[in-house]
Amino acid sequence: RGTPPAPLPSQAPQDNEERRLIRDACMAVVATAGWAAALAYPAASLLALANGANDICNSVGTAVGAGALTMRQALVLGCIAEAIGAVTIGPFVAQSIASGQIHVAAFAGSPRTFVLLMLSSLLGAGISTLLATLYGAPISATHGIVSGIVTVALLSGTHGALDLGGIGFTLLGWAASPLAGLAA
């Protein structure tokens, strides 16, 4: 396999150490928590279904209500738009949520805690988003997953788990987006 590439001059040594810790933590999760995959796939599918249903209702509901689109047209257009959005910007959103709220390396010594944290967050966000969508209540699946990750990380008692800078940046975005909408 050869030798690893030399770090870029702008790369600080602690960046490499943090990457190594994250890689080691991920490998430990895979090695010790294979049982979680059987639960994680359905939980992630539930969240994807609930989030997609909620997004389609939000994006085309007004057009259907106004009679501009039939239900069939709205579902087809909504599914196409959801798929394009998930493929093009979905990985960036997932990366931001996964690595911007908690320090994965903090769970290197307790991979099962990390698996349970993520599984609990998936289930909580999926169930609450699905129920809110079914009952017509406003909800954001992104708010649900981020708040679930933060809450479970706090409850886990894992020292240094929360990325306060990342959480602050997310909260700033949540506060700024409605203000930007008002200004527009």
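Structure first, text after, so check above.
Residues numbered from 1 in each chain as written. Predicted model: local features only at pLDDT ≥ 70, side-chain atom pairs only at ≥ 80, totals over all residues. Heavy atoms only, no water.

### Section: the overall build of the protein chain
Operational definition: Each helix corresponds to a stretch of at least 4 residues labelled H or I by DSSP, and each strand to a stretch of at least 2 residues labelled E; elements are numbered beginning at the N terminus. Three exposure classes are used, based on accessible area relative to the maximum for each residue type with a 1.4 Å probe and protein chains only: buried under 20%, partly exposed in between, and exposed over 50%. The protein chains shown are the only cover counted for residues, whose accessible areas, like all others here, come from Shrake-Rupley with a 1.4 Å probe.
Secondary structure summary: the protein chain contains seven helices and zero strands in total. Mapped in sequence order, the helices and strands of the protein chain form the string α-α-α-α-α-α-α. For the protein chain, the residues scored as buried account for 25% of the 184 residues in total. Looking at the protein chain as shown, the accessible area adds up to about 11,700 Å², and 71% of this sits on carbon and sulfur atoms.

### Topic: the packing of helix 6 (residues 141-156) against helix 7 (residues 164-183)
What counts here: Simply put, an axis is a line fit to the C-alpha atoms, just over the touching stretch for a helix, and the angle between two N-to-C directions goes from 0 to 180 degrees. Under this scheme an angle from 65 to 115 degrees is roughly perpendicular, one under 35 degrees roughly parallel, and one over 145 degrees roughly antiparallel; angles in between are oblique. The hand of a helix crossing depends on one turn: near helix anticlockwise from the far one by less than a right angle means left-handed, and clockwise means right-handed. Contacts are assigned to residue pairs that have any heavy atoms within 4.5 Å of one another.
Running from N to C, helix 6 and helix 7 point in directions that differ by 155°, and their axes come no closer than 12 Å. The pairing of helix 6 with helix 7 is recorded here as roughly antiparallel in orientation. Remark: the crossing between helix 6 and helix 7 carries left-handed chirality. Contacts between helix 6 and helix 7 involve T142, H143, V146 and V150 from the first element and I167, T170 and W174 from the second.

### Topic: the side chain of S121
Within the secondary structure layout, S121 lies in helix 5 (residues 111-134). Using a relative accessible area of 2% as the deciding quantity, one classes S121 as buried. Leaving out residues up to four positions away in the same chain, S121 has contacts with I145, G148, I149 and V152.

### Digging into the nonpolar core
To keep it simple, the criterion reads: By nonpolar core is meant a set of buried Ala, Val, Leu, Ile, Met, Phe, Trp, Tyr and Cys residues that side-chain atoms within 4.5 Å join together.
Core analysis: the biggest nonpolar cluster contains 19 residues, and L47, I102, F107, L117, I145 and I149 have the highest contact counts within it. For this core, the secondary structure elements donating two or more residues are helix 2 (34-65), helix 5 and helix 6. Sorting elements by how many residues they give to this core places helix 6 first, with six residues. Setting aside residues up to four positions removed in sequence, F107 forms contacts with I102, T113, F114, L117, S156, T158 and A161.

### Some remarks on the layout of surface pockets
Heads up, the condition is: Cavities and pockets are defined on a 1 Å grid built over the protein atoms alone: a cavity is a set of grid points where a 1.4 Å probe fits but cannot escape, while a pocket is an open set with protein on both sides within 12 Å along at least five of seven lines, and lining residues are those with an atom within 4 Å of any such point. Grid points are joined across faces, edges and corners, and a volume is the space filled by probe spheres set on the points.
Approximately 1,000 Å³ is the volume found for the largest pocket. Along its surface, the largest pocket is lined by 34 residues, and N51, V93, A94, I97 and T142 are the ones closest to its centre. Secondary-structure elements contributing two or more residues to the lining of the largest pocket are helix 2, helix 3 (71-88), helix 4 (90-100), helix 5, helix 6 and helix 7. With nine residues, helix 2 is the single largest residue contributor to the lining of the largest pocket.

### Topic: the side chain of T170
The topology assignment puts T170 in helix 7. A relative accessible area of 15% places T170 in the buried class. Among residues more than four places away in sequence, those in contact with T170 are Q101 and V146.

### Observations concerning the environment of L39
Tracing the backbone through its elements, the reader meets L39 in helix 2. In this structure, the C-alpha to C-alpha distance between L39 and L119, residues 80 residues apart in sequence, is 7.6 Å.

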